[in-house]
Structure formats: C-alpha cells, structure tokens
Amino acid sequence: MKTKISLGLIALLFVFMNSCTKDSNSTNQQGTTDMAVSLTDAPGNYDEVNIDLQGVEVITESEGTRTLDAKTGIYDLLKYANGDDTVIATGRMKTGMISQIRLILGDNNTVVVDGVSHHLITPSAEQSGLKLQLHDELVAGVKYALTLDFDANQSIVQQGNGDYLLKPVIRIIDEAISGSIHGLVTPDTLHATITAEGNGHSYSTITNGSGAFLLKGIPEGTYKVTITPNSADQPKVIDNVQVTTGESTDLHTIAF
C-alpha cells in the first residue's frame, strides 16, 4: 500500500511539474517579441556620408529604457539607398507600447564632397542621442521590424564658414501602412534628385548609378513629384501621383 501511494505521489508530482514548465514557457513566449532596427537612406549629392553609430536604445512602457544589441561602427549612408538597408540593432523585448527610439552617435561623423572629407558637427548627438518619437505596440510572438530612413539630402547643412553641420532628418518607415514611388531617369549620368511633396510633407532621394530611384515609406495620398537633374536641364514635374498603401507607383522612364 505504501509503495502504491509513493508511486502515485511521484506520478502526480511529475505531472504537476511538467504542466508548470509548459505554462512558464508559454507565458514567456506570449510576453516577448523579437525586434530588429534597420537603416536606409534618402541620399544627397555627396561622395560619402559617414555616421559613427555607438548604440541604439528603445523606450517602452514595460521596460523603460532598453539598450539593444547594436552593430556599432561607421556607416556610409549612401551604400543603403534606393531600397537597400542594413540591420543595425536587434533584441528581444517585452510586449507593450513603444514610445521612442534613440540613436547614439559618436564624434567620428564625416561627409565627403568632391573627394575631400569634412567633419560633421553634431551638437547634441553624443550626449543624449537622436530621439525619434513613435507610438506603436509590440505584439507577442510577432517580429517587430523598424526601418529608419536617414535623409542625407536634408540632414547636412553647409554653414557660412564652410563647416558642415549634421542636423538629422530621420523618418520611421512602416511599410505596412505606406507605399512607394519608383522610376528611371535617362540618361543615367544626370544623378537627378527626386522630390515628392504632398500632405504638408516632402520626401526626397537621388538616382543610383543606373538612373533608377525608389522613394519608400510614403503615406497614401496624392503627390507632386519633381525630378531635378544635375545639369542645365529644367526640372520636370509630374502632378497628381497617386500613392497607395502596400503598392509601389511606377513613374516609368523620365527622359531628359
């Protein structure tokens, strides 16, 4: 009788422990999600735009300030243009609302113009980071992918004394609620700047070596697109360009 009771207790204890383990794992899986932060660029007419990335922080209601596993180093933004991007940080986060992303930059930021490298003055980036506000929710079990569009064309300001100032203009791209515009400018040697204006906002990029361009992360709506070549040719304007969520509007070939 004692043997039967002991075996029964052991079996009951095993079942109890096994169910606790499953519940614990399930709770853990339901309460976390993987996060990845990528970097892309809406470039300007420079040889290189190099930023010194030292860290990436996320502010959430569940964890406060959380430092992600960042791939620190020097990034030439012009390598990640027209649809290309690179992952700069990852981490597993608790679910809940996310309110801010911070990019921590070092002091080794430069811009190369006509083969000459210039130091980029970054007034406050070293101390507190570049703060990007957002209001989104981390959902359990759903990977959260965030793309930061660093607009080099609008972020670099040449001062009267010849110095270059880095005043970052960074957009958060959520492709699930935005569309894009793409096309081809000929000849491909023009290195044209493409600007889309609408809804009180402006988005820009330049063509790549083949004359192609892609403007990502544009909210649905109607836009005026201006193609400005790096030549004596007059800009071309295309009115009433429709952007639809989840789709890419093709402007086909714009010939000069």
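Please refer to the structure higher up on the page.
Computed from a predicted structure; not experimentally measured.

(A) Broad picture of the sheet that holds strand β15 (residues 179-186). The sheet built from three strands is open, its strands ordered β18-β15-β21 with mixed pairing. Every interior strand has two partners, whereas the edge strands, β18 (212-218) and β21 (248-255), have only one. Pairwise comparison of adjacent strand axes, ignoring direction, gives a mean angle of 15° for this sheet. Examined bridge by bridge, β15 and β21 share six bridges and lie parallel to one another. Following the sheet pairing, Ser180 is matched in β21 by Ser248.

(B) Quick peek at the nonpolar core. One finds Met35, Ile88, Ile101 and Leu148 to be the most contacted residues of the largest nonpolar core, which totals 36 residues. Looking at this core, the elements with two or more residues in it are β1 (32-42), β2 (48-60), β6 (86-94), β7 (96-105), β8 (110-113), β10 (130-138), β11 (144-151) and β13 (164-166). Sorting elements by how many residues they give to this core places β2 first, with five residues. If we ignore the near neighbours within four places in the chain, the residues touching Ile101 are Met35, Val56, Glu57, Val58, Leu130, Lys131, Leu132, Leu134, Leu146 and Leu148. Within the second largest apolar cluster, 17 residues are counted, among which are Ile181, Val185, Phe213 and Ile254.

(C) Structural context of the layout of surface pockets. Taken as a whole, the largest pocket spans an internal volume of roughly 260 Å³. Lining of the largest pocket is provided by 16 residues; of these, Ile172, Ile173, Asp174, Ile177 and Gly217 occupy positions nearest its centre. Contributions of two or more residues to the lining of the largest pocket are made by β10, β11, β14 (170-173) and β17 (201-206). Of the residues assigned to the lining of the largest pocket, the class counts are eight nonpolar, five polar and three charged.

(D) The arrangement of the sheet that holds strand β19 (residues 221-228) in detail. In spatial order, the strands read β17-β16-β19-β20; together these four strands make up an open sheet with antiparallel pairing. Every interior strand has two partners, whereas the edge strands, β17 and β20 (236-243), have only one. Across the sheet, the axes of successive neighbouring strands diverge by a mean angle of 25°, strand direction being ignored. In terms of strand pairing, β19 meets β20 through six bridges, oriented antiparallel. Within the sheet, the bridge partner assigned to Val225 lies in β20 and is Ile238.

How each quantity is defined
Residues numbered from 1 in each chain as written. Predicted model: local features only at pLDDT ≥ 70, side-chain atom pairs only at ≥ 80, totals over all residues. Heavy atoms only, no water. Pairing = 2+ DSSP bridges. Helix = DSSP H or I, 4+ residues; strand = E, 2+ residues; numbered from the N terminus. Axes fitted to C-alpha atoms, helices over the stretch in contact; angles between N-to-C directions. Core = buried A, V, L, I, M, F, W, Y, C linked by side-chain atoms within 4.5 Å. Buried < 20%, exposed > 50% of the residue type's maximum accessible area, 1.4 Å probe, protein only. Contact = heavy atoms within 4.5 Å. 1 Å grid on protein atoms, 1.4 Å probe; cavity = no way out; pocket = protein on both sides within 12 Å on 5 of 7 lines; lining within 4 Å. Points joined across faces, edges and corners; volume = space filled by probe spheres on them. Nonpolar A, V, L, I, M, F, W, Y, C, P; charged D, E, K, R; others polar.

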